[in-house]
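Observations on chain architecture
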Amino acid sequence: MPSLIVEPLNTQEFIMDRDDRKRNKNIGKNFMCRLQGMFSHSSSSESRLTLEDTQQWSQSLERLLDSKYGLATFRNFLKSEYSDENIEFWLTCEDYKKIKSSFRMSSRAKKIYEQFVKAESPKEINIDYHTREQIKRNVKSPTVHCFDEAQKIVFGLMERDSYPRFLRSDIYRTLLENLSADAAKG
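All values reported here derive from a predicted model rather than from experimental measurement.

**Quick notes on the nonpolar core**
Core analysis: the largest hydrophobic core is formed by 39 residues, its most contacted members being F74, I87, F89, V117 and F147. If you list the elements that add at least two residues to this core, you get helix 3 (61-66), helix 4 (68-80), helix 5 (85-96), helix 6 (102-117), helix 8 (148-168) and helix 9 (170-185).

Below you can see the structure in the form of structure tokens.
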């Protein structure tokens, strides 16, 4: 008698798996199109998303972030998990380091502190109390290095947590599968 109950469930699971695979394949195709559309203003072959580039994202977080498609895909993944504050902070710090004007640096440092570092801030990053207090002091007379310690901590968090989850995600796996299929077609 129990086998009668199991059989329809297995059939149902098979149909659901097949439907999920189809849906993921379509999601991957749509995402590839959106990604390439974001960067389509350049017609060079470098601007195309390739299987080789996508495979290299799995070598290190640095490789992923160095790729415009990798960064866009990773940010999209983190947004889908409602955990994009770390990458946003890291990128904001990278931009901050390029500021030359001391007035602009001071203004920007305060904004970064208010948005990411201050306790209960809108996009509060997960750093220890000591680092948070050090930044609070640094922001009073900011330099290009006033967020370095927090940026290292956040990078480490992404490397140990978000990045491995990204590599196991449907977004990344489906993207690889679609690019592999496209490469096989020639």
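Here the narrative resumes, following the displayed structure.
**Quick look at the pattern of salt bridges**
Throughout the structure, instances matching the rule amount to nine salt bridges. We note a salt bridge from K118 to E114, for which the minimum N-O separation is 3.5 Å. The class for E114 is partly exposed, based on a relative accessible area of 41%. The partner of R165 in a salt bridge is D161, and the shortest N-O contact between them spans 2.8 Å. Linking R165 with D161, this pair stays in helix 8, spanning four residues, or about one helical turn. Owing to a relative accessible area of 42%, D161 belongs among the partly exposed residues under this scheme. Sharing partners across several salt bridges, the network here consists of E81, D161 and R165.

**What about the environment of S141?**
Along the chain, S141 turns up in the loop between helix 7 (129-138) and helix 8. In sequence terms S141 and M105 are 36 residues apart; their C-alpha atoms lie 9.4 Å from each other.

**Observations regarding the packing of helix 5 against helix 6**
The interhelical angle for the contact between helix 5 and helix 6, taken along N-to-C directions, is 170°, at an axis separation of 11 Å. Compared by their axis directions, helix 5 and helix 6 come out roughly antiparallel. In this structure, helix 5 uses E85, E88, F89, T92 and Y96 to contact helix 6, whose residues at the interface are M105, R108, A109, I112, F116 and V117. Tallied by class, residues from the contact of helix 5 with helix 6 come to seven nonpolar, one polar and three charged.

Rules behind the numbers
- Residues numbered from 1 in each chain as written.
- Predicted model: local features only at pLDDT ≥ 70, side-chain atom pairs only at ≥ 80, totals over all residues.
- Heavy atoms only, no water.
- Core = buried A, V, L, I, M, F, W, Y, C linked by side-chain atoms within 4.5 Å.
- Buried < 20%, exposed > 50% of the residue type's maximum accessible area, 1.4 Å probe, protein only.
- Helix = DSSP H or I, 4+ residues; strand = E, 2+ residues; numbered from the N terminus.
- Salt bridge = Lys/Arg side-chain N within 4 Å of Asp/Glu carboxyl O.
- Axes fitted to C-alpha atoms, helices over the stretch in contact; angles between N-to-C directions.
- Parallel < 35°, antiparallel > 145°, perpendicular 65-115°, else oblique.
- Contact = heavy atoms within 4.5 Å.
- Nonpolar A, V, L, I, M, F, W, Y, C, P; charged D, E, K, R; others polar.

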